[in-house]
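An overview of the molecular structure
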Amino acid sequence: LWGRRAFIKRPGLVTVSTLVTLYLRKRKLLRDLKEQLAEKPDLTPTQMETLEKYFPYYQRLSSENKARFAHRVAEVMAQKDVKLIDIHDPHELAELVTVSSLIQLSFGLSAYTLPHFKFILVTPDVFTTQESDRDHRGLVDPKGIIKLSWKHLLDGIRDPSDAFAVGLHEMAHALFIENFTPNE
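The structure contained in this document is the topic of the report that follows. Since this is a predicted model, take the numbers as computed values, not measurements. (Residues numbered from 1 in each chain as written. Predicted model: local features only at pLDDT ≥ 70, side-chain atom pairs only at ≥ 80, totals over all residues. Heavy atoms only, no water.)

Two elements in contact, helix 5 (residues 63-79) and helix 6 (residues 91-106), have axes whose closest approach is 9 Å; the angle formed by their N-to-C orientations is 120 degrees. The pairing of helix 5 with helix 6 is recorded here as oblique in orientation. Where helix 5 crosses over helix 6, the handedness of that crossing is right-handed. Where helix 5 abuts helix 6, its residues Phe69, Arg72, Val73, Val76 and Met77 lie against Glu95, Leu96, Val99, Ser100, Leu102, Ile103, Gln104 and Ser106. Its residues assigned to classes, the contact of helix 5 with helix 6 comprises 8 nonpolar, 3 polar and 2 charged. (Axes fitted to C-alpha atoms, helices over the stretch in contact; angles between N-to-C directions. Helix = DSSP H or I, 4+ residues; strand = E, 2+ residues; numbered from the N terminus. Parallel < 35°, antiparallel > 145°, perpendicular 65-115°, else oblique. Left-handed = near helix turned anticlockwise from the far one by under 90°. Contact = heavy atoms within 4.5 Å. Nonpolar A, V, L, I, M, F, W, Y, C, P; charged D, E, K, R; others polar.)

See the structure below:
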């Protein structure tokens, strides 16, 4: 009754070979994942120093989470087209600051890249739009564009205690649009 054939034919019972196969598949998946993580672009030493020096959120992370944060920033920087409009600060700095705001907001999430938003435009100061004559410090267009004031983006990072961070605020709008509204 409990010979080899009876054991294999009984539903619900798992053979040792099945367990070994599942274990080896899991190991391969983990190895592939580690390789993918290793292939992600890394931040430059200057960018890492900037995060460490100017981002209080990043400073409070554990070493493991700092590495995870940096990988996420590098990944999103490789995916997004950040355009500076009349800004003379280095493009690399503006891109780092902008994307770090997104990563800070979405750090606990598994989906953090906001694929709907391809462009991030950064202006020197407040700006107006064709739709309104109001001054804006930041704006998220559901068509896939995030627009931020560089001056106010930096102000939000310089003084995290003032509870007004344009980067986090606008990235929250983008996250909402990405996840809770139908888009193409």
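So, about the pattern of salt bridges. Throughout the structure, instances matching the rule amount to 4 salt bridges. With a shortest N-O distance of 3.2 Å, Asp81 and Lys83 are connected by a salt bridge. For the salt bridge of Lys151 with Asp155, the shortest nitrogen-to-oxygen distance reads 3.5 Å. Taken together, the residues Lys151 and Asp155, both in helix 7 (residues 150-158) and 4 residues apart, mark about one turn of the helix. Taking the relative accessible area as the measure of exposure, Lys151 reaches 39% and is therefore partly exposed. (Salt bridge = Lys/Arg side-chain N within 4 Å of Asp/Glu carboxyl O. Buried < 20%, exposed > 50% of the residue type's maximum accessible area, 1.4 Å probe, protein only.)

Right, let's get into helix 8 (residues 166-180). Counted at 1.5 Å a residue, the expected span for helix 8 with its 15 residues is 21 Å, and the 21 Å between its end C-alpha atoms agrees. When helix 8 is considered as a whole, its buried residues turn out to be Val166, Gly167, Glu170, Met171, Ala174, Leu175, Ile177 and Glu178. In an axial view of helix 8, the angular spread of the buried residues amounts to 165 degrees, which keeps them on one side of the axis. (Expected span 1.5 Å × (residues − 1). Arc of directions from axis to C-beta.)

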